[in-house]
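Structure at a glance
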Amino acid sequence: MNVLARESNADSEFRTFKFIQLAIPHPPNILNGDCEVHPQTASYFAESTCSLKEIGLLLARLKKSE
């Protein structure tokens, strides 16, 4: 997820379609709300929080590259 938000781009010369399917959150939960591997505090809610934060970073990066 971290790589997705930081390595994706929107600067192709051609029309493209990117389909992104995320597999988090799902058991066994290992990510905490800060997207760090920490099984002791991981939960479905924590992984959902991590996912939303990373999606926000991705959208902000794509918006900035317009």
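Residues numbered from 1 in each chain as written. Predicted model: local features only at pLDDT ≥ 70, side-chain atom pairs only at ≥ 80, totals over all residues. Heavy atoms only, no water.

Once that is clear, we can look at the environment of proline 39. Residue position: proline 39 is located in the loop between helix 1 (2-7) and helix 2 (44-64). In sequence terms proline 39 and proline 28 are eleven residues apart; their C-alpha atoms lie 8.5 Å from each other. Here proline 39 is in contact with Asn29 and Ile30, once residues within four sequence places are set aside. (Helix = DSSP H or I, 4+ residues; strand = E, 2+ residues; numbered from the N terminus. Contact = heavy atoms within 4.5 Å.)

Time to look at the environment of aspartate 34. Mapped onto the fold, aspartate 34 is located in the loop between helix 1 and helix 2. On a C-alpha basis, the gap between aspartate 34 and cysteine 50 in space is 5.9 Å, while along the polypeptide they are 16 residues apart. Among the polar contacts listed, one links the side chain of aspartate 34 to the side chain of lysine 53, at a separation of 3.3 Å. (Polar contact = N/O pair within 3.5 Å; in protein donor to acceptor, adjacent residues only side chain to side chain.)

As enumerated under the stated definition, the model contains one salt bridge in all. Where aspartate 34 meets lysine 53, a salt bridge forms, and the shortest distance between an N and an O atom there is 3.3 Å. In this pair, aspartate 34 sits in the loop between helix 1 and helix 2 while lysine 53 sits in helix 2, placing the two residues 19 residues apart along the sequence. (Salt bridge = Lys/Arg side-chain N within 4 Å of Asp/Glu carboxyl O.)

In short, shape yes, function no, at least from these values alone.
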